[in-house]
Amino acid sequence: MTITAYFAAGAERWPTWKEPLSAAFAEAGLDVTLTDTAADPAAVDYIIYAPGSPLQDFSPFVNCKAVLNIWAGVERIVGNPTLRIPLCRMVDPSLSEGMVEYVTGHVLRYHLDIDAHLAGQDGVWRHDRVPPLAGERPVAMLGLGALGQACARALTGLGFPVLGWSRTPREVAGVRCHAGDDGFARTLAEAQIVVTLLPQTPETENMIDADALARLPRGACLINPGRGPLIDDAALIAALDAGQLAHATLDVFREEPLPPEHPFWAHPRITVTPHIAAETRPRTAARVIAENIRRGESGEPFLHQVDTNRGY
Ligand code: NDP
Ligand code: OXD
């Protein structure tokens, strides 16, 4: 019997996703009718979804078996009261690769003091110190999920001592892992560079507040590719202005696009990137969607199913 998959991830994405999805369904041996309209919601077996989609009322999709999100983050759908079927988030190799490149790139930028060298092309030969090696530069990874672990592995591979922090205790080879409130304080106390790869949930909102920033060694740097609300914006600016924090690289914001008048743009010690740390690439992500449909059809558990109580 034909399976119906409704692409509700935005009209602008349909042209680039249609072909990779069809190819992935064929590769998986699935007979899927892929459509970008749902004239008969009761006929839809799976919804392919993205935050910001016009689809907000899931109640007419009475036979739908799962909503398959093409983003890793689910904060804009997880609390939807009409969503009473499994929700799966995106975990795919390209997302992880992109995040690893973004995080290692910005960690190395801070570690090597690249900004100072770019700014110092003035004829002065400043050979006044031996720069530290990676092994002398502890990095904290807040969040040890799919992306946090991939980044932690890449950084340990480069020789950085990595401290990891998660909600539940985790073990990651080569990473000093902590959990809970006490673990948070211990992780921050040593970190010269902090990377936030936590989901946005009621528990993580404003996790990087004045108190957390004060726990860092003076002059630490922050990289946030997680979500904007993880950070208390005013506390961040105050910590930068006071020199407690040396620099911040921010990829995600409470409001996106970040409004032109937002103080982050003009701050001399903030780098803004436009939510590009890790993009979902249709070619690889389509295979994850196909695999989840195959699982749904054969009664196997879905991959990457969101725990709606936990919020991620
Ligand atoms: P995962 O769900 O795999 O991992 C989340 C991690 O955060 C887990 O280790 C989890 O702990 C930890 N965590 C959650 N809540 C808490 C808490 N209250 N206290 C401490 N730790 C907590 O997510 P991913 O790694 O796949 O993605 C992380 C986030 O990255 C996404 O939610 C999204 O917001 C963001 N993202 C950003 C992109 C960009 O381009 N900027 C692209 C893709 C994702 P535990 O291990 O115990 O469950
Ligand atoms: C995601 C993102 O959640 O792009 O996938 O932020």
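What counts, and where the lines are drawn
Residues numbered from 1 in each chain as written. Chains lettered and ligands numbered in written order. Predicted model: local features only at pLDDT ≥ 70, side-chain atom pairs only at ≥ 80, totals over all residues. Heavy atoms only, no water. Pairing = 2+ DSSP bridges. Helix = DSSP H or I, 4+ residues; strand = E, 2+ residues; numbered from the N terminus. Contact = heavy atoms within 4.5 Å. Axes fitted to C-alpha atoms, helices over the stretch in contact; angles between N-to-C directions. Near = heavy atom within 4 Å. Polar contact = N/O pair within 3.5 Å; in protein donor to acceptor, adjacent residues only side chain to side chain. Areas by Shrake-Rupley, 256 points an atom, 1.4 Å probe, with all protein chains shown as cover. Domains from an automatic or database assignment. Buried area = accessible area lost by both parts, 1.4 Å probe. Salt bridge = Lys/Arg side-chain N within 4 Å of Asp/Glu carboxyl O. Buried < 20%, exposed > 50% of the residue type's maximum accessible area, 1.4 Å probe, protein only.

> Summarise the sheet that holds strand β4 (residues 66–69); cite the residues concerned and give the values.
Strand order in the open sheet formed by five strands is β2-β1-β3-β4-β5, with parallel pairing between adjacent strands. Strands with a single pairing partner mark the edges of an open sheet, and in this sheet they are β2 (32–35) and β5 (87–88). Relative to β4, strand β3 (residues 46–49) is paired through four bridges, and the arrangement is parallel. Bridging across to β4, tyrosine 46 finds its partner in alanine 66. Sheet strands in contact with helix α1 (residues 14–27) are β1 (3–8), β2 and β3, and its direction is about 175 degrees off that of β2. Across the sheet, helix α9 (residues 282–298) is in contact with β1, β3, β4 and β5; its angle to β3 comes to roughly 160 degrees.

> Provide a residue-level description of the site of ligand 1, including the pertinent values.
Close to ligand 1 lie 30 residues, the nearest being Arg89, Leu144, Thr168, Arg170 and Tyr312. Within the side chain of arginine 89, one N or O atom sits 2.7 Å away from an oxygen atom of ligand 1. Here alanine 278 contributes a backbone N or O atom positioned 3.0 Å from an oxygen atom of ligand 1. Calculation on ligand 1 without its partners gives an accessible area of 930 Å², and the protein chains cover 94% of this total.

> Got a sec to walk through the domain arrangement of the protein chain? Specific residues and values, please.
Looking at the protein chain, the domain boundaries give domain 1 (3–92 + 280–298) and domain 2 (95–272). Placing the centre of domain 1 and that of domain 2 at their C-alpha centroids yields a distance of 33 Å. Roughly 640 Å² is buried in total at the junction of domain 1 and domain 2, and carbon and sulfur atoms are behind 50% of that figure. Taking the shortest distance from any N to any O, the salt bridge between arginine 227 and glutamate 75 comes out at 2.7 Å. Between domain 1 and domain 2 we count three residue pairs in polar contact (both at pLDDT 80 or more) in total.

> Which residues make up the environment of proline 20, and what values do they have?
Summarising the element assignment, proline 20 is placed in helix α1. For proline 20, a relative accessible area of 7% puts it in the buried group. Sequence separation between proline 20 and arginine 283 is 263 residues, and the spatial gap between their C-alpha atoms is 5.4 Å. Excluding residues within four positions of it along the chain, proline 20 makes contact with Pro282, Arg283 and Ala286.

> Pulling in residues and values, what's your account of the pattern of salt bridges?
In the structure shown here, the tally under the stated rule is 17 salt bridges. Linking lysine 65 and aspartate 45 is a salt bridge whose minimum nitrogen-to-oxygen distance equals 3.4 Å. One end of the pair, lysine 65, is in the loop between β3 and β4; the other, aspartate 45, is in the loop between β2 and β3, and 20 residues separate them in sequence. Relative accessible area serves as the criterion here: at 13%, aspartate 45 is assigned to the buried category. Glutamate 291 is the salt-bridge partner of arginine 294, the closest N and O atoms lying 3.0 Å from each other. Of this pair, arginine 294 and glutamate 291 both sit in helix α9, three residues apart, which is roughly one turn of that helix. Salt bridges linked by common partners bring Glu291, Arg294, Arg295 and Glu300 together as one network.

> Hey, could you go over the environment of glycine 73 for me, with residue numbers and the actual values?
By the element assignment, glycine 73 lies in the loop between β4 and β5. Remark: the alpha-carbon pair of glycine 73 and arginine 129, spanning 56 residues in sequence, is separated by 42 Å. Residues in contact with glycine 73, not counting those within four places in the same chain, are Pro51 and Arg227.

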